[in-house]
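Listed here are the chains, written in short residue letters.
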Amino acid sequence: SQTIHQWPATLVQPVGSPLSLECTVEGTSNPNLYWYRQAAGRGLQLLFYSVGIGQISSEVPQNLSASRPQDRQFILSSKKLLLSDSGFYLCAWSIGAGELFFGEGSRLTVL
Amino acid sequence: AQSVTQLGSHVSVSEGALVLLRCNYSSSVPPYLFWYVQYPNQGLQLLLKYTSAATLVKGINGFEAEFKKSETSFHLTKPSAHMSDAAEYFCAVSRALYGGATNKLIFGTGTLLAVQP
């Protein structure tokens, strides 16, 4: 069966520090991969999606970037965190245009 | 452009009572619609999905939703609430991306369900 892992689960970082959140999927090949951010009372916002290795699409301009160095690995990064980057980050995968399956999330607090 | 509106950010019911969580959508094309549940500090779990087959969709944990095109609604119901149903529920509509090779789920702002003993 397919599983998705995210880490770290919790992260507290100072403003201006770098960020790396990692997501891996097991049990499937060539998944579509997604990064969402969830802010309190604002639902979920799609940040990036990827349909293949090295193929990244950004939905909103921001202080973050994403990379997909391997088929089942998706990384969310920042060179310098802002206070507004705080939130709950969710990685998800799908096959084609099917439903999304989410990881357990990474809670980022920027101080 | 697709969007969803969830009416009521907080809903409280008694254990054993009917659960009704409201979702209205806007879509220029026949939509794919989803309900997800999120427990505290966890990811989202798919409850059910509508993909243009039967209009009454049954999901996990006794939940179901009915697609009503005339009302542009996809409300989530459960006949009898259980304490374990307390969670946040998200309605979502799908928008095709990349020529249909993938899709974007556009989420509502969520409804927090409380179940009173």
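The coordinates are above.
Since the model is a prediction, treat every value here as computed from it, not as a measurement. (Residues numbered from 1 in each chain as written. Chains lettered and ligands numbered in written order. Predicted model: local features only at pLDDT ≥ 70, side-chain atom pairs only at ≥ 80, totals over all residues. Heavy atoms only, no water.)

Quick word on the pairing of strand E6 (residues 55-58) of chain A
The side chains of a regular strand alternate, first on one face of the sheet and then on the other.
Residues and elements named next belong to chain A.
Right, on to step 1. As judged from the three bridges shared by strand E5 (residues 44-52) and E6, these two strands associate in the antiparallel manner. When the bridges of E6 are listed, Tyr-49 appears paired with Ser-57.
Right, on to step 2. Where E5 folds back on E6, the antiparallel hairpin that results is connected by two residues, among which Gly-54 adopts a positive phi of roughly 75°. (Pairing = 2+ DSSP bridges. Helix = DSSP H or I, 4+ residues; strand = E, 2+ residues; numbered from the N terminus.)

So, the packing of aromatic side chains
Right, on to step 1. A complete count under the given rule lists 13 aromatic pairs over all chains for this structure.
Right, on to step 2. A ring pair is formed by B:Phe63 and B:Tyr89, whose centres lie 5.5 Å apart and whose planes are at 45°; its orientation type is tilted. Taken together, the residues B:Phe63 in the loop between strand E6 (56-58) and strand E7 (64-68) and B:Tyr89 in strand E9 (residues 87-97) connect sequence positions 26 residues apart. When sorted by exposure, B:Phe63 lands in the same class as B:Tyr89, which is buried.
Right, on to step 3. Every member of this aromatic cluster is reached through a ring pair, and the members are A:Tyr36, A:Phe102, B:Phe34, B:Tyr36, B:Phe90 and B:Phe107. (Phe/Tyr/Trp six-rings, centres within 6.5 Å; stacked < 30°, edge-to-face > 60°. Buried < 20%, exposed > 50% of the residue type's maximum accessible area, 1.4 Å probe, protein only.)

So, the pattern of salt bridges
Right, on to step 1. Across all of its chains, the model carries six salt bridges over all chains by this definition.
Right, on to step 2. Between A:Glu59 and B:Lys104 there is a salt bridge; the shortest N-O distance is 2.7 Å. Placement of A:Glu59 in the loop between E6 and strand E7 (65-70) and of B:Lys104 in strand E10 (residues 102-107) is noted, with the two residues assigned to different chains.
Right, on to step 3. A:Glu59 gets classed as partly exposed once you look at its relative accessible area, which sits at 24%.
Right, on to step 4. Residue classification places B:Lys104 among the buried residues on the basis of a relative accessible area of 18%.
Right, on to step 5. With its nearest N and O atoms 3.2 Å apart, the salt bridge here joins A:Arg68 to A:Asp71.
Right, on to step 6. A:Arg68 sits in the buried class, given a relative accessible area of 3%. (Salt bridge = Lys/Arg side-chain N within 4 Å of Asp/Glu carboxyl O.)

A few points about the interface of chain A and chain B
Right, on to step 1. The interface of chain A with chain B comprises 26 residues on the first partner and 22 residues on the second.
Right, on to step 2. Our count for the chain A to chain B interface comes out at two salt bridges.
Right, on to step 3. Among the ionic pairs, B:Lys49 bridges to A:Glu99, the shortest N-O distance being 2.6 Å.
Right, on to step 4. Applying the counting criterion to the chain A and chain B interface returns seven residue pairs in polar contact (both at pLDDT 80 or more).
Right, on to step 5. Within the residue set of the side of chain A that touches chain B, elements represented by two or more residues are strand E4 (32-38), E5, E6 and strand E9 (87-94) of chain A.
Right, on to step 6. In terms of residue class, the side of chain A that touches chain B is made up of 11 nonpolar, 10 polar and five charged. (Contact = heavy atoms within 4.5 Å. Polar contact = N/O pair within 3.5 Å; in protein donor to acceptor, adjacent residues only side chain to side chain. Nonpolar A, V, L, I, M, F, W, Y, C, P; charged D, E, K, R; others polar.)

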